[in-house]
Amino acid sequence: MSELRFEGVTVRYGATTAVDDVSLVVPPGSVVGLVGESGSGKSTLARAAVGLAPVCAGLITVGGAPVPSRGRRPLQMVFQDPYSSLDPRMSIGESVAEAMPRGAGRAERRAEVARLLELVHLDPTRAAARPAELSGGQRQRVALARALAGRPQVVIADEITSALDVSIQGAVLNLVRELQRELGLSILFISHNLAVVRYVATHVAVMRDGRIVEEGATDRVLAAPDHDYTRELLAAVPGLSTPTRSPR
């Protein structure tokens, strides 16, 4: 897998600056967590990487090469709501196959769909099912399979557990960890929940008002955060004590 790098990226909508001069690196084969409350700019940064938000300044690269503005991109994104990201008129097999690079024959595509569904722990015989026939957790697994079908160098996971029941969230997080370990994926994992990020990411960046206010190794940031905002986020997580300011 490849490195994802944001260098001085700014995103504006009219007079509103949603992302302000952000620099962030996702090293090859690692999971970097990006946390912040709603409106902090984290999802906008992700959308900029996949061409869904306008980059007014700065550069986004994958493997040292600028992300192309057209054509197939080396990144795939998994969105918060798996139901809205899947076409309800298509079977899950068709949705996964649609994301594959062109050129493969029909039999090869069917075999690859089956392999990807097994990879995300879904029975390949469910390929003919429609999204409405699946649970939320199953639909999110399909969304992960669809992202992997594009053979990305980097996967961006944007709040992929926040729309799921608590009982299902753990299973999806375990799947993300398993896929990262088995495939060596480079993942930018976005969440408002520091407890979730602590479970999947080795490095974390904290975003507020469109800027990165703190970043570092996950264990260090959660044990001894430097920024008051990080401590506020930690205080909002049940079961996590609020650390004191780290020594200077």
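Everything below is about the structure printed above this text.
Residues numbered from 1 in each chain as written. Predicted model: local features only at pLDDT ≥ 70, side-chain atom pairs only at ≥ 80, totals over all residues. Heavy atoms only, no water.

1. Observations concerning the sheet that holds strand β3 (residues 31-35)
Moving on, step 1. Read across the sheet, 6 strands follow the order β6-β7-β8-β3-β9-β10 without closing on themselves; strand pairing throughout is mixed. One side of each edge strand has no neighbouring strand; the edge strands of this open sheet are β6 (75-78) and β10 (211-217). Averaged over all pairs of adjacent strands, the angle between their axes in this sheet comes to 20 degrees, without regard to strand direction.
Moving on, step 2. Pairing of β3 with strand β8 (residues 186-191), which is carried by 5 bridges, proceeds in the parallel orientation. (Pairing = 2+ DSSP bridges. Helix = DSSP H or I, 4+ residues; strand = E, 2+ residues; numbered from the N terminus. Axes fitted to C-alpha atoms, helices over the stretch in contact; angles between N-to-C directions.)

2. What about the environment of Met 100?
Moving on, step 1. With respect to the helices and strands, Met 100 occurs in the loop between α2 (92-98) and α3 (106-119).
Moving on, step 2. Separated by 50 residues in the primary sequence, Met 100 and Gly 150 have C-alpha atoms spaced 4.9 Å apart.
Moving on, step 3. Those residues within four positions of Met 100 in sequence are excluded, and the remaining contacts are Arg 72, Arg 109, Glu 112, Val 113, Leu 116 and Ala 149. (Contact = heavy atoms within 4.5 Å.)

3. Quick word on the packing of α3 against helix α4 (residues 136-149)
Moving on, step 1. Between α3 and α4, the least distance of the axes is 9 Å, while the angle of their chain directions is 130 degrees. Our classification of the angle between α3 and α4 gives oblique. Note that α3 runs across α4; the crossing there is right-handed. Taken together, the residues of α4 that come into contact with α3 (itself represented by Leu 116, Leu 117 and Leu 119) are Ala 145, Leu 148 and Ala 149.
Moving on, step 2. Here the residues of the contact of α3 with α4 sort into 6 nonpolar, no polar and no charged. (Parallel < 35°, antiparallel > 145°, perpendicular 65-115°, else oblique. Left-handed = near helix turned anticlockwise from the far one by under 90°. Nonpolar A, V, L, I, M, F, W, Y, C, P; charged D, E, K, R; others polar.)

4. A closer look at empty space enclosed by the protein
Moving on, step 1. Scanning the entire structure with this criterion turns up 1 cavity of 30 Å³ or more.
Moving on, step 2. Estimates place the volume of the largest cavity at around 80 Å³.
Moving on, step 3. In terms of lining residues, the largest cavity is bounded by Leu 144, Ala 147, Leu 148, Val 155, Ala 157, Ile 160, Val 176, Leu 179, Leu 185 and Ile 187.
Moving on, step 4. Residue assignment for the lining of the largest cavity shows that the elements contributing at least two residues are α4, β7 (154-158) and α5 (166-183).
Moving on, step 5. It is α4 that provides the largest number of residues to the lining of the largest cavity, a total of 3 residues.
Moving on, step 6. For the lining of the largest cavity, the residue count by class is 10 nonpolar, no polar and no charged. (1 Å grid on protein atoms, 1.4 Å probe; cavity = no way out; pocket = protein on both sides within 12 Å on 5 of 7 lines; lining within 4 Å. Points joined across faces, edges and corners; volume = space filled by probe spheres on them.)

5. Concerning the packing of aromatic side chains
Moving on, step 1. In the structure shown here, the tally under the stated rule is 0 aromatic pairs.
Moving on, step 2. Stacked on the ring of Tyr 199, the Lys or Arg Arg 177 has its end atom at 4.3 Å from the ring centre. (Phe/Tyr/Trp six-rings, centres within 6.5 Å; stacked < 30°, edge-to-face > 60°. Lys NZ or Arg CZ within 6 Å of the ring centre and 35° of its normal.)

6. Focus: helix α1 (residues 42-49)
Moving on, step 1. Of all 8 residues that make up α1, 6 are buried, and the element is covered over most of its length.
Moving on, step 2. Among all positions of α1, only Lys 42, Thr 44, Leu 45, Ala 46, Ala 48 and Ala 49 are buried.
Moving on, step 3. Where α1 terminates, the next one or two residues include Gly 51, which has phi positive at roughly 85 degrees. (Buried < 20%, exposed > 50% of the residue type's maximum accessible area, 1.4 Å probe, protein only.)

7. Here we look at the pattern of salt bridges
Moving on, step 1. On inspection of all chains with the given rule, the structure shows 10 salt bridges.
Moving on, step 2. In this structure, the salt-bridge partner of Arg 5 is Glu 7, at a minimum N-O distance of 4.0 Å.
Moving on, step 3. By relative accessible area, which is 28% here, Arg 5 ends up partly exposed.
Moving on, step 4. A salt bridge links Arg 211 to Asp 20, with the shortest nitrogen-to-oxygen separation between them at 3.1 Å. Taken together, the residues Arg 211 in strand β10 and Asp 20 in strand β2 (residues 16-26) connect sequence positions 191 residues apart.
Moving on, step 5. Classification of Asp 20 as partly exposed rests on a relative accessible area of 25%.
Moving on, step 6. The structure contains a network of salt bridges with shared partners spanning Glu 3, Arg 5 and Glu 7. (Salt bridge = Lys/Arg side-chain N within 4 Å of Asp/Glu carboxyl O.)

8. Some details on the pairing of β10
Moving on, step 1. Here strand β9 (residues 203-208) pairs with β10 via 6 bridges, running antiparallel. Each bridged residue has a counterpart across the sheet, and for Val 206 the counterpart in β10 is Glu 214.
Moving on, step 2. Connecting the antiparallel pair β9 and β10 is a turn made up of 2 residues, with Asp 209 showing a positive phi of about 50 degrees.

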